Amino acid sequence: MSHTVGIRQVQKQKTRQALMDAALGLLEEQSLSSLGLREVTRAVGVAPTAFYRHFRSTADLGVALVEEVLGSLHPVLGDLMSAVGDSDELIERAVDLIARHVDAYPAHVRFIARERHSGVQPVRDAIQGQLARFAEEVRSELAKRPETAGWTDDDRLMLAGLYVDQMLVTASLFLEAQDEPEEERVRVTRLASRRMRLISIGCRHWLD
């Protein structure tokens, strides 16, 4: 009996993931607010009623996508922030990491960029919640660095938010440059590095 239940659970998880993958593909051409559950179930090959065994609504599906897309990045960000090196080396590493992530997961980046300010409130809230968590994690790492010695936690959180926002902007710029000549990608890389370096310089002189 337990074996049968296990097989059913695995199949249920596969169907849920298939619905999420199909939705992400459909969202490359439209916003979540215009996405119909029948489109999603048709792409997977299941009945529309099957959708409700996994999600309460398309908004609930969107929240699950946010958790999958952004939730998996927390360990990556932690590794980046805890890396050893001077500020220029860390900036170069961060920009390269963002570029490679966009190349590997363009649909993920497009979804977050579009839905961050869309009309679906639960999804916007989920994105903001994940970004706030990123900022808290960056703040914790910044507290270990000598350049923020003497700073208040609020100031460290402000700096962390600047870095997180800039990472999102950089990801969007790399996404827009995907089909452009290589010169545009080089321009985006330089621009992103300069912007992060400007933040870094401001950080070093914040208490002056």
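Okay, so let's go over this structure. (Residues numbered from 1 in each chain as written. Predicted model: local features only at pLDDT ≥ 70, side-chain atom pairs only at ≥ 80, totals over all residues. Heavy atoms only, no water.)

As enumerated under the stated definition, the model contains 3 aromatic pairs in all. When the centroid spacing of 5.6 Å and the interplanar angle of 45° are considered together, the rings of Phe-51 and Phe-55 count as tilted. Taken together, a centroid distance of 6.1 Å and an interplanar angle of 45° make the contact between Trp-151 and Trp-206 tilted. One end of the pair, Trp-151, is in the loop between α8 (121-142) and α9 (153-176); the other, Trp-206, is in the segment after α10 (182-204), with 55 residues separating them in the sequence. Here the aromatic residues Phe-51, Tyr-52 and Phe-55 are joined through ring pairs into a cluster of three or more. (Phe/Tyr/Trp six-rings, centres within 6.5 Å; stacked < 30°, edge-to-face > 60°. Helix = DSSP H or I, 4+ residues; strand = E, 2+ residues; numbered from the N terminus.)

What follows concerns the environment of Glu-141. You can see Glu-141 is positioned in helix α8. Residue class for Glu-141 comes out buried when judged on its relative accessible area of 17%. (Buried < 20%, exposed > 50% of the residue type's maximum accessible area, 1.4 Å probe, protein only.)

The subject of this paragraph is the side chain of Glu-115. Mapped onto the secondary structure, Glu-115 falls in helix α7 (residues 106-115). Despite its burial, Glu-115 pairs with no opposite charge, the nearest such side chain being Arg-114 at 5.2 Å. A polar contact is formed between the side chain of Glu-115 and the backbone nitrogen of Leu-32, at a distance of 2.9 Å. Ignoring any residue separated from it by four or fewer positions in sequence, one finds Glu-115 in contact with Ser-31, Leu-32, Val-123, Arg-124 and Ile-127. (Lys, Arg positive; Asp, Glu negative; His and termini not counted. Salt bridge = Lys/Arg side-chain N within 4 Å of Asp/Glu carboxyl O. Polar contact = N/O pair within 3.5 Å; in protein donor to acceptor, adjacent residues only side chain to side chain. Contact = heavy atoms within 4.5 Å.)

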